[in-house]
Amino acid sequence: MARVFTRVVDGELPGRLVWPDDDMVACRSIGPLDPGHTLVARRDEVDHRIDLDPATWQRVSEVTHTTGQALQRAFDPPRVGTAIARFDGPHCRVHVLPLAELADLDSARLDPDPDTAALDAATDRIRAFLPEFGHAERAG
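Nothing here was measured: the structure is a model prediction, and the numbers come from that model.

**Student:** Sorry, what's going on with the overall build of the protein chain here?
**Tutor:** When its secondary structure is counted, the protein chain shows three helices and five strands. When its helices and strands are written in sequence order, the protein chain yields α-β-β-β-α-β-β-α. At 14 Å, the protein chain has a C-alpha radius of gyration in line with the 14 Å of a compact globule built from 140 residues. Taking the intrachain contacts of the protein chain between residues at least 6 apart in sequence as the baseline, contacts between residues at least 24 apart amount to 58%. Accessible surface computed for the protein chain: about 7,500 Å², of which carbon and sulfur atoms make up 52%. In the protein chain, 16 positive and 24 negative side-chain charges are present, and the distance between their average locations comes to 1 Å.

**Student:** Got a minute to help me understand the packing of helix H2 (residues 54-75) against helix H3 (residues 116-128) in this structure?
**Tutor:** A pair of packed helices is captured by two measures, namely the crossing angle of their axes and the spacing between those axes. H3 packs onto H2 with a crossing angle of 115° between their chain directions and a minimal axis gap of 8 Å. Classed by the angle they form, the pair H2 and H3 counts as roughly perpendicular. Crossing angle aside, the handedness with which H2 passes H3 is right-handed. Taking contact as the criterion, the partners of Ala70, Leu71, Ala74 and Phe75 in H2 are, on H3, Ala122, Arg125 and Ile126.

**Student:** Help me understand the nonpolar core, please; the structure alone is not making it clear to me.
**Tutor:** In globular proteins that are soluble, nonpolar side chains generally tend to be buried together. Met24, Ala26, Val40, Val60, Val63 and Ile126 are the most contacted members of the largest nonpolar core, which totals 18 residues. Among the elements of the structure, strand E1 (17-20), strand E2 (24-28), H2 and strand E5 (94-99) are those that each provide at least two residues to this core. With five residues, H2 is the single largest residue contributor to this core. The residues contacting Met24, other than those within four sequence positions of it, are Trp19, Val40, Ala41, Arg42, Arg43, Arg59, Val60 and Val63. Listed in part, the six residues of the second largest apolar core include Phe5, Val9, Val25 and Cys27.

**Student:** Sorry, what's going on with the sheet that holds E1 here?
**Tutor:** What holds strands together in a sheet is hydrogen bonding between their backbones, with the strands either parallel or antiparallel. The sheet built from five strands is open, its strands ordered E1-E2-E3-E5-E4 with antiparallel pairing. Either end of the sheet is taken by a strand with one partner, and the two such strands are E1 and strand E4 (79-83). Strand-to-strand twist of the sheet, defined as the mean angle between neighbouring strand axes without regard to direction, takes the value 20°. For E1 and E2, the ladder comprises three bridges, and the chain directions are antiparallel. Bridging from a neighbouring strand, Trp19 pairs with Ala26 of E2. The strands that H2 touches are E1, E2, strand E3 (38-42), E4 and E5; relative to E5, the one it contacts most, it runs at about 20°. Set on the sheet, H3 makes contact with E1, E2 and E3; between it and E1 the angle comes to about 40°.

How each quantity is defined
- Residues numbered from 1 in each chain as written.
- Predicted model: local features only at pLDDT ≥ 70, side-chain atom pairs only at ≥ 80, totals over all residues.
- Heavy atoms only, no water.
- Helix = DSSP H or I, 4+ residues; strand = E, 2+ residues; numbered from the N terminus.
- Rg over C-alpha atoms; globule rule 2.2 N^0.38 Å.
- Contact = heavy atoms within 4.5 Å.
- Areas by Shrake-Rupley, 256 points an atom, 1.4 Å probe, with all protein chains shown as cover.
- Lys, Arg positive; Asp, Glu negative; His and termini not counted.
- Charge placed at Lys NZ, Arg CZ, Asp CG, Glu CD.
- Axes fitted to C-alpha atoms, helices over the stretch in contact; angles between N-to-C directions.
- Parallel < 35°, antiparallel > 145°, perpendicular 65-115°, else oblique.
- Left-handed = near helix turned anticlockwise from the far one by under 90°.
- Core = buried A, V, L, I, M, F, W, Y, C linked by side-chain atoms within 4.5 Å.
- Buried < 20%, exposed > 50% of the residue type's maximum accessible area, 1.4 Å probe, protein only.
- Pairing = 2+ DSSP bridges.

As C-alpha cells, this is what we get:
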C-alpha cells in the first residue's frame with residue numbers, strides 16, 4: 001500500500017503541487033513549519049537519501065534549487081534552507097523553506113491544522129516565480 005506522501009504525489013489525496021513532472025514533485029507540506037514550506041521528492045518511494053543513485057540525487061537537487069529560488073522571490077526571507085529529516089515516513093524528501101533563524105527548522109513548530117486558503121495562496125505565489133528560472137510550464 002502506498003504511503004500518504006505517495007498518495008498525495010500520485011493525486012489520490014489532495015495536495016498543492018508546486019512542481020509536477022514525470023519523475024519529480026515539489027508539493028506543499030500538509031503540516032508546514034512556515035507558509036512557504038515545500039517538499040521535493042521523486043515520485044516513486046525511495047526510503048533513504050543514500051539509496052538514491054547520483055543522477056537521481058542531482059535531479060532532486062536541481063528541483064530543490066529552483067524551488068528555493070522561487071521561495072526566495074516569493075517570500076524574501078533572509079535565507080532559504082533545506083533539510084532531509086525523513087523521520088516522519090519512508091519516502092525521502094527534501095524540505096525547502098524560508099528561514100529567518102535556525103530555530104525555524106524546529107519540528108515542534110509544525111502547524112497540524114494550517115489555514116487552507118493561506119496554503120493555496122502561498123502555492124500560487126511560489127509557482128508564479130518559476131518562469132523567472134526557466135520553468136514557465138510549471139507556473140500554471
